[in-house]
Amino acid sequence: MGRLENKIALITGAAGGFGRAMALEFARQGAQIFAADRNEAGVGETADLVNNQGGAATPVRCDVSDTDDIAALLSEIEKTFGRLDVLVNNAGITQREDFRHITDAQWQELLDVNLTAAMRLSRDGLKLLKISGASSIVNISSIMERVHVRQLSAYSTTKAALAGLSRAMAVEYAAFKIRVNYLCPGYAETAMTERILRNSAVRQGLLDRTPLGRFCLPEEIAMAALFLASDEAAFITGEGLTIDGGMSISL
Ligand SMILES: NC(=O)c1ccc[n+]([C@@H]2O[C@H](COP(=O)([O-])OP(=O)(O)OC[C@H]3O[C@@H](n4cnc5c(N)ncnc54)[C@H](O)[C@@H]3O)[C@@H](O)[C@H]2O)c1
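Only a predicted model underlies this, so the values are computations on that prediction, with no experimental measurement involved.

K.L.:
Looking at this model, I keep getting lost on unusual backbone geometry. Mind explaining?
P.N.:
A negative phi holds for most residues other than glycine; trans holds for most peptide bonds. Phi is positive for Asn 6, which is not a glycine, with a value near 65°. Inspection of the secondary structure assignment puts Asn 6 in the segment before strand 1 (8-12). In this model, Lys 177 sits at a positive phi of 60°, which is unusual for a non-glycine residue. Within the secondary structure, Lys 177 is located in the loop between helix 6 (153-173) and strand 6 (178-185).

K.L.:
Even after reading the chapter, I still don't get the sheet that holds strand 2 (residues 32-37), so can you show me in this structure?
P.N.:
For sheets, the rule is that strands pair by backbone hydrogen bonds, running either parallel or antiparallel. Here we have seven strands laid out as an open sheet, ordered 3-2-1-4-5-6-7, and parallel in their pairing. If you trace the sheet from one side to the other, it starts and ends with strand 3 (56-61) and strand 7 (240-243), each paired once. Across the sheet, the mean angle separating the axes of adjacent strands is 15° when strand polarity is ignored. Where strand 6 meets strand 7, four bridges bridge the pair, whose relative direction is parallel. Considered in strand 7, the bridge of Leu 183 is made with Leu 241. Helix 2 (residues 40-52) contacts strand 2 and strand 3 of the sheet and is inclined by roughly 175° relative to strand 3.

K.L.:
Any chance you could explain the pairing of strand 4 (residues 86-89) here in plain terms?
P.N.:
Taken residue by residue, a regular strand's side chains alternate between the two faces of the sheet. Covered by surrounding structure in strand 4 are Val 86 and Val 88 together with Leu 87 and Asn 89, the residues of both alternating faces. Inspection of the sheet shows strand 1 paired to strand 4 by three bridges, in the parallel sense. The partner of Leu 10 across the bridge, within strand 4, is Leu 87. When strand 4 meets strand 5 (residues 135-140), the two strands line up parallel, connected through four bridges.

K.L.:
I would appreciate a short explanation of the nonpolar core in the present structure.
P.N.:
One recurring pattern in soluble globular proteins: nonpolar side chains tend to sit buried together. If you look at the biggest cluster of nonpolar residues, it comprises 72 residues, and the most contacted ones within it are Ala 9, Ile 11, Ala 23, Ile 33, Ala 35, Ala 36 and Ala 225. With residues near it in sequence (within four places) discarded, Ala 225 still touches Met 22, Val 88, Val 138 and Leu 183.

K.L.:
Would you mind showing me how to read the packing of helix 1 (residues 17-28) against helix 2 here?
P.N.:
Axis angle and axis distance: for two packed helices, these are the angle between their axes and the distance between the axes, and together they describe the pair. At a minimum axis distance of 10 Å, the contact between helix 1 and helix 2 shows a crossing angle of 25°. When the axes of helix 1 and helix 2 are compared, the pair comes out roughly parallel. Read as a crossing pair, helix 1 and helix 2 show a hand that is right-handed. Seen from helix 1, the contacting residues are Arg 20, Ala 23, Leu 24 and Ala 27; seen from helix 2, they are Thr 46, Leu 49 and Val 50.

Procedures and definitions
- Residues numbered from 1 in each chain as written.
- Predicted model: local features only at pLDDT ≥ 70, side-chain atom pairs only at ≥ 80, totals over all residues.
- Helix = DSSP H or I, 4+ residues; strand = E, 2+ residues; numbered from the N terminus.
- Pairing = 2+ DSSP bridges.
- Axes fitted to C-alpha atoms, helices over the stretch in contact; angles between N-to-C directions.
- Contact = placed C-beta atoms within 7 Å.
- Buried ≥ 20, exposed ≤ 12 C-beta atoms within 10 Å, placed from the backbone.
- Core = buried A, V, L, I, M, F, W, Y, C linked by C-beta atoms within 7 Å.
- Parallel < 35°, antiparallel > 145°, perpendicular 65-115°, else oblique.
- Left-handed = near helix turned anticlockwise from the far one by under 90°.

Below is the structure:
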C-alpha cells in the first residue's frame, strides 16, 4: 500500500527539477498525477517516465500565470476525477537584478508565477480540494524567504509571501480539513540554478557554507513533500520544512 494510494495529485512546474521528482515519487506511492507546466515537451516526458514505471500521469500544458489556463486545468481535473487530494504549487522562476534596477514588469512576472498562481490554484481549486475531507496543499518556498543574497530581492519577496500565505491559508482551510504546508529548499542542481552553479567559485562558496557539504537532490525535496502531502502529516498544518543541509542556520 503506497503512502498516497488512490490520491489525485496536481503538481505544477512538473517538466523537470523538483516537480518531476515529485511526480515520479508520488506516483510510486500510488497517486494519480496531473503534471502541469508551460513546457509542454518537458511535462510530456515527465508523464512518460511516470507511466513507464507503472504509474499514471496526465500531462497538461499550463502557464500558471494565465487565468484561462488555470481554469482549463481545474476543469480537466474535475471532469476526469471530480476531486483533488494533493496540490503542489511548485512552478517558479527567478531573475537576478539589483533591487534599484528592477522594472515593474520583472517584479510583476515574479509575483504572478511564484505567488499569485499558488493563490489562484488554492482558491479556485477549493471546490475540488474539499471533497475528500483530507486534502493537502504543499507550497514550494525557499530558504530565500528568510535569508538573502544580492540581486534576489524580488524572488525572496515572493517566497516570503508564499510562506505567509501558506500559514494564513492553513488557518482558514482547516475548516475544510485541508492542510497547507510549505518547503524551504536550499540550493539544488536544477535548470533554475544551472547558470549560477556553473561558476566554480560561486559553487564552491555555496558548498563551503553548507554544513552537510553538498547540494540538495530533487528526490530529497520529493520525499519531504511526500511526507507533508501524506496522512502521516495529518496533524501538521501551517508548517515550513527547511531542507538545506544546515546552510541557513550556520555562520
Ligand atoms: N533549485 C533550487 O535550488 C531551489 C531552491 C529553493 C526553491 N526552489 C523552488 O523550487 C521550485 C522548482 O524549481 P526547480 O529548482 O525544480 O527549477 P526548474 O526550473 O527545474 O523547475 C521549474 C519549473 O516551473 C516551470 N514554470 C516556470 N514558469 C511557469 C509558468 N508560468 N507556468 C507553468 N510552469 C512554469 C518551468 O517550466 C519548470 O519546469 C521553484 O518554485 C523554485 O523557486 C528551487
